[in-house]
Structures are given as C-alpha cells and as structure tokens.
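Given next are the chains, with one letter for each unit.
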Amino acid sequence: MSEQDDRSRFEAVYRRTYEQLLGYAVRRCSSPEDAADVVAETYVIAWRRITELPGGEDGKLWLYGVARRVLANHQRGERRRLTRHTELTSEIEHLYTATSGHGEQDGVGEAMGMLADSDRELLALALWEGLDPGEIATVLNCSRNAARIRLHRARKRFAKALEKTHPSAARFASRLLTEKESR
C-alpha cells in the first residue's frame, strides 16, 4: 500500500470512529482535556500501526482496544502523580509546621502562586524532581552557571514571597536558601 492509500484509509477510519472513541474516553476521564489526550494518543498509535489496523468493524474494535490501553496508562500516570503530590504535600506541610510552629500549610502554595511560571518550574525541578543545577541546565538547555544563577534568584524570590505571605516564616525561608545553596 502507498502512503497516500494509508492516509486515505486512516482518514476514513478517523471520521467513522472519532465521536465514538471520544465518547468512550469522556465517560472514563476526569476532564475533557484528558479525554482529548487519550483519543489523540489512540490515533497516533493507529497511524504508526496503520498496517495492523483491521478493516471494517474490526478496525473500530481494534481502536477501542488501543484506547483502553492508552486510558489504563493515563490512569496509572494520574495515580502516580496524585500519590507523589500527596507525598510532597505531606513533606512540605511537615517541614513547614516543624519550622514555623504554625498550622498554616497553605503559605507555601500561596508563596509559590506569587512567583512567575519560570521560577516555579526551576524550584519544582530542584526540590520536587531532585535535579542538581547541571541536570536543570540540561532540561532548560542552558549553561550550568546560568541554571545556578536562575535557581538562586528563584529561591530568593520564593523566600521573599513566603515572608510576605507568612512573616513568621522568615527563619524557614532563610534556612531554605542556605541549605540549598550549599549543594
């Protein structure tokens, strides 16, 4: 089969099955965006494996099988993210309450919300992902020195934001800066 034949066949299958697969995903996902991602990934796999895609009604059933596996992978990923989010929230709450002596755990989130996206990403890569400045430099496609400088500045802005949201957190903020800068 030629590439043009594959393309025509794929387009026909897509038009015939899209609404059904989207409905399948929407009924199983927590958001329309997630459902759209599942359906898009299903069709990417179908395009890559177009020679394996059966014709007629069997093709639709084959796509449902692919969508089911994509959805299972998506749900496993969501569970891992939720578990890690819960663990991180617990760690941050424990650290924050241990250092500040207050029960106000929303201060860290509030301070993070005051930062630019780029600062939040840097801090997340360093603190949540455990990456060092060299690894962050690779992720951001910049020099190690630039990553260190950006990370230092992001930490300073976070400390200031934390002090604004919770003035009693000044000790925590300064300790955060000194501990992480020694890496």
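Keep in mind the model is a prediction, meaning the values are calculated, not measured.

A look at the overall build of the protein chain
A tally of helices and strands in the protein chain yields eight helices and zero strands. In sequence order, the protein chain lays out its α and β elements as α-α-α-α-α-α-α-α. Expressed as a percentage of the 183 residues in the protein chain, the buried residues total 37%. Of the contacts made within the protein chain by residues no fewer than 6 positions apart, 57% connect residues no fewer than 24 positions apart. Working note: accessible area of the protein chain is about 11,300 Å², and carbon and sulfur atoms make up 51% of it.

A look at the packing of aromatic side chains
Within this structure, the stated rule accounts for seven aromatic pairs. Chaining the aromatic ring pairs together yields one cluster made of Phe10, Tyr14, Tyr18, Tyr43 and Trp47.

Some words on the packing of helix 5 (residues 117-128) against helix 6 (residues 133-140)
Packing of helix 5 against helix 6 brings their axes to within 10 Å, and their N-to-C directions diverge by 135°. The angle between helix 5 and helix 6 places the two elements in the oblique class. Considering how the two elements wind past one another, helix 5 and helix 6 form a crossing that is right-handed. Mapping the contact onto sequence places Leu122, Leu125 and Ala126 in helix 5 and Ile136, Val139 and Leu140 in helix 6. A per-class count over the contact of helix 5 with helix 6 returns six nonpolar, no polar and no charged.

Section: the nonpolar core
Among the nonpolar cores identified, the biggest contains 20 residues, and Val38, Tyr43, Leu53, Trp62 and Leu63 are the most heavily contacted of them. For this core, the secondary-structure elements that each account for two or more residues are helix 1 (3-26), helix 2 (32-48) and helix 3 (56-100). When near neighbours in sequence (up to four residues on either side) are disregarded, tryptophan 62 contacts Ala46, Arg49, Glu52, Leu53 and Pro54. Formed by 18 residues, the second largest nonpolar core is a distinct cluster that contains Val108, Leu131, Cys142 and Leu151.

Thoughts on unusual backbone geometry
Positive phi, normally seen in glycine, also occurs at asparagine 141, with a value near 60°. Inspection of the secondary structure puts asparagine 141 in the loop between helix 6 and helix 7 (144-165). When its relative accessible area of 71% is taken as the criterion, asparagine 141 is described as exposed.

A word on the confidence of the model for the protein chain
Considering every residue of the protein chain, the mean pLDDT works out to 84; 85% of them sit at 70 or more. Averaged over each element, pLDDT in the protein chain is lowest for helix 8 (residues 170-181) (58) and highest for helix 2 (95). Predicted confidence for residues 100-104 stays below pLDDT 50, and this span has six contacts to residues more than four positions away or in other chains.

Structural notes on the pattern of salt bridges
Under the defined criterion, the tally for this structure stands at eight salt bridges. Note that glutamate 52 is salt-bridged to arginine 49, the shortest N-O span being 2.6 Å. Here glutamate 52 falls in the partly exposed class, since its relative accessible area comes to 43%. When the shortest N-O distance is used, the salt bridge between aspartate 117 and arginine 120 registers 2.0 Å.

Here's the deal with the packing of helix 5 against helix 7
For any two helices packed against each other, one specifies the crossing angle of their axes together with the interaxial distance. One can describe the packing of helix 5 onto helix 7 by two numbers: an axis separation of 9 Å at closest approach and a directional angle of 105°. In terms of orientation, helix 5 and helix 7 fall into the roughly perpendicular class. Contacts from Asp119, Leu122, Leu123 and Ala126 of helix 5 reach helix 7 at Arg150, Leu151, Ala154, Arg155, Arg157 and Phe158. For the contact of helix 5 with helix 7, a count of residues per class yields six nonpolar, no polar and four charged.

Quick look at helix 6
Where helix 6 is concerned, the buried positions are Pro133, Ile136 and Ala137. For helix 6, the angular spread of buried residues about the axis comes to 105°, placing them on one side. In this structure, the buried side of helix 6 is in contact with helix 5 and helix 7. Backbone nitrogen of glycine 134 and a side-chain oxygen of the N-cap are separated by 2.8 Å at the start of helix 6; the cap is aspartate 132. Asparagine 141 lies just past helix 6 and shows a positive phi near 60°.

About the thresholds
Residues numbered from 1 in each chain as written. Predicted model: local features only at pLDDT ≥ 70, side-chain atom pairs only at ≥ 80, totals over all residues. Heavy atoms only, no water. Helix = DSSP H or I, 4+ residues; strand = E, 2+ residues; numbered from the N terminus. Buried < 20%, exposed > 50% of the residue type's maximum accessible area, 1.4 Å probe, protein only. Contact = heavy atoms within 4.5 Å. Areas by Shrake-Rupley, 256 points an atom, 1.4 Å probe, with all protein chains shown as cover. Phe/Tyr/Trp six-rings, centres within 6.5 Å; stacked < 30°, edge-to-face > 60°. Axes fitted to C-alpha atoms, helices over the stretch in contact; angles between N-to-C directions. Parallel < 35°, antiparallel > 145°, perpendicular 65-115°, else oblique. Left-handed = near helix turned anticlockwise from the far one by under 90°. Nonpolar A, V, L, I, M, F, W, Y, C, P; charged D, E, K, R; others polar. Core = buried A, V, L, I, M, F, W, Y, C linked by side-chain atoms within 4.5 Å. pLDDT = per-residue confidence, 0-100. Salt bridge = Lys/Arg side-chain N within 4 Å of Asp/Glu carboxyl O. Arc of directions from axis to C-beta. Polar contact = N/O pair within 3.5 Å; in protein donor to acceptor, adjacent residues only side chain to side chain.

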